[in-house]
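Residue-level listing of the chains:
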Amino acid sequence: MINNIQVDISEKQAYRVLVVEDNKINQLVTQKIMKKNNYFCKLADDGFQALDILDNEIFDIILMDMRMPNMDGIQATKIIRDELNMRIPIIALTANAIKGDNSRCLAAGMNDYLSKPFTKKELFQKINYFWRIKFNTYDNQILFYTINHFWYNFGLDTIWVNGITIAMDCSA
């Protein structure tokens, strides 16, 4: 429990976070918060480095600074979405928030927005929101696969799942 937010660290595989941030102090602070709470954290200094890392590694979420030298967060996100076709959640991080930043982030394909400085509570609320979406989607995919497996392999036209009867018309 972190600031009254339930964080599940019982998984053997740590939640993988890519932090794309050019400010070394912000990198270290964010990395320390992540590691202290049993999250795997990898750092990238700019959008180019983030794209190189994403070519070789898989992450559960990206924390992306908007304003960085070489390639900013908006440009990097557009490439992640349009060229790499990755749907990984991206949370924009920015200092000196300017009116319209939120809409620019969302238009680029980012999923959410967090102004610096942020609290641990705010950070983990955002991360946990996308963590729950990931596993709810995963659970639904497993359920769908299981139901189809029974229908195909056993010719069943009715299955009882968690107190719900699911029926399918198996007639040709």
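The preceding data block contains the structure.
The rules behind the values
Residues numbered from 1 in each chain as written. Predicted model: local features only at pLDDT ≥ 70, side-chain atom pairs only at ≥ 80, totals over all residues. Heavy atoms only, no water. Phe/Tyr/Trp six-rings, centres within 6.5 Å; stacked < 30°, edge-to-face > 60°. Helix = DSSP H or I, 4+ residues; strand = E, 2+ residues; numbered from the N terminus. Buried < 20%, exposed > 50% of the residue type's maximum accessible area, 1.4 Å probe, protein only. Lys NZ or Arg CZ within 6 Å of the ring centre and 35° of its normal. Pairing = 2+ DSSP bridges. Right-handed = clockwise from strand over helix to strand, strands pointing away. Axes fitted to C-alpha atoms, helices over the stretch in contact; angles between N-to-C directions. Parallel < 35°, antiparallel > 145°, perpendicular 65-115°, else oblique. Left-handed = near helix turned anticlockwise from the far one by under 90°. Contact = heavy atoms within 4.5 Å.

1. Description of the packing of aromatic side chains
Following the criterion strictly, the structure yields three aromatic pairs and no others. Ring geometry for Tyr15 and Tyr39: centres 5.5 Å apart, planes at 90°, overall edge-to-face. One end of the pair, Tyr15, is in the segment before β1 (16-20); the other, Tyr39, is in the loop between α1 (24-36) and β2 (40-44), and 24 residues separate them in sequence. Across the pair, Tyr39 and Tyr15 agree in class, each one buried. Here Tyr129 and Phe130 contribute two aromatic rings whose centre-to-centre distance is 5.0 Å and whose plane-to-plane angle is 85°, an arrangement assigned as edge-to-face. For Phe130, a relative accessible area of 8% gives the class buried. Following the ring pairs from residue to residue traces out a cluster consisting of Tyr15, Tyr39 and Phe124. Against the face of Phe59 rests Arg16, its NZ or CZ located 5.0 Å from the ring centre.

2. So, the pairing of strand β3 (residues 61-65)
By the criterion of burial, β3 is predominantly enclosed, with five of the five residues buried. Going residue by residue along β3, you find Ile61, Leu63 and Asp65 tucked away on one face and Ile62 and Met64 tucked away on the opposite face as well. Direction of pairing for β1 relative to β3: parallel, over a ladder of four bridges. Residue Val17 lies in a different strand from β3, and its bridge partner there is Ile61. Sheet analysis places β3 next to strand β4 (residues 90-94), joined by four bridges and oriented parallel. When the sheet's bridge partners are listed, Met64 is paired in β4 with Ala92. Considered for its hand, the β-α-β crossover made up of β3, helix α3 (residues 73-82) and β4 is right-handed.

3. What about the packing of helix α2 (residues 47-56) against α3?
Packing of α2 against α3 brings their axes to within 9 Å, and their N-to-C directions diverge by 25°. Overall, the two elements α2 and α3 adopt an arrangement that is roughly parallel. The chirality of how α2 crosses α3 is right-handed. Together, Gly47, Leu51 and Leu54 of α2 and Ala76, Ile79 and Ile80 of α3 make up the contact between the two elements.

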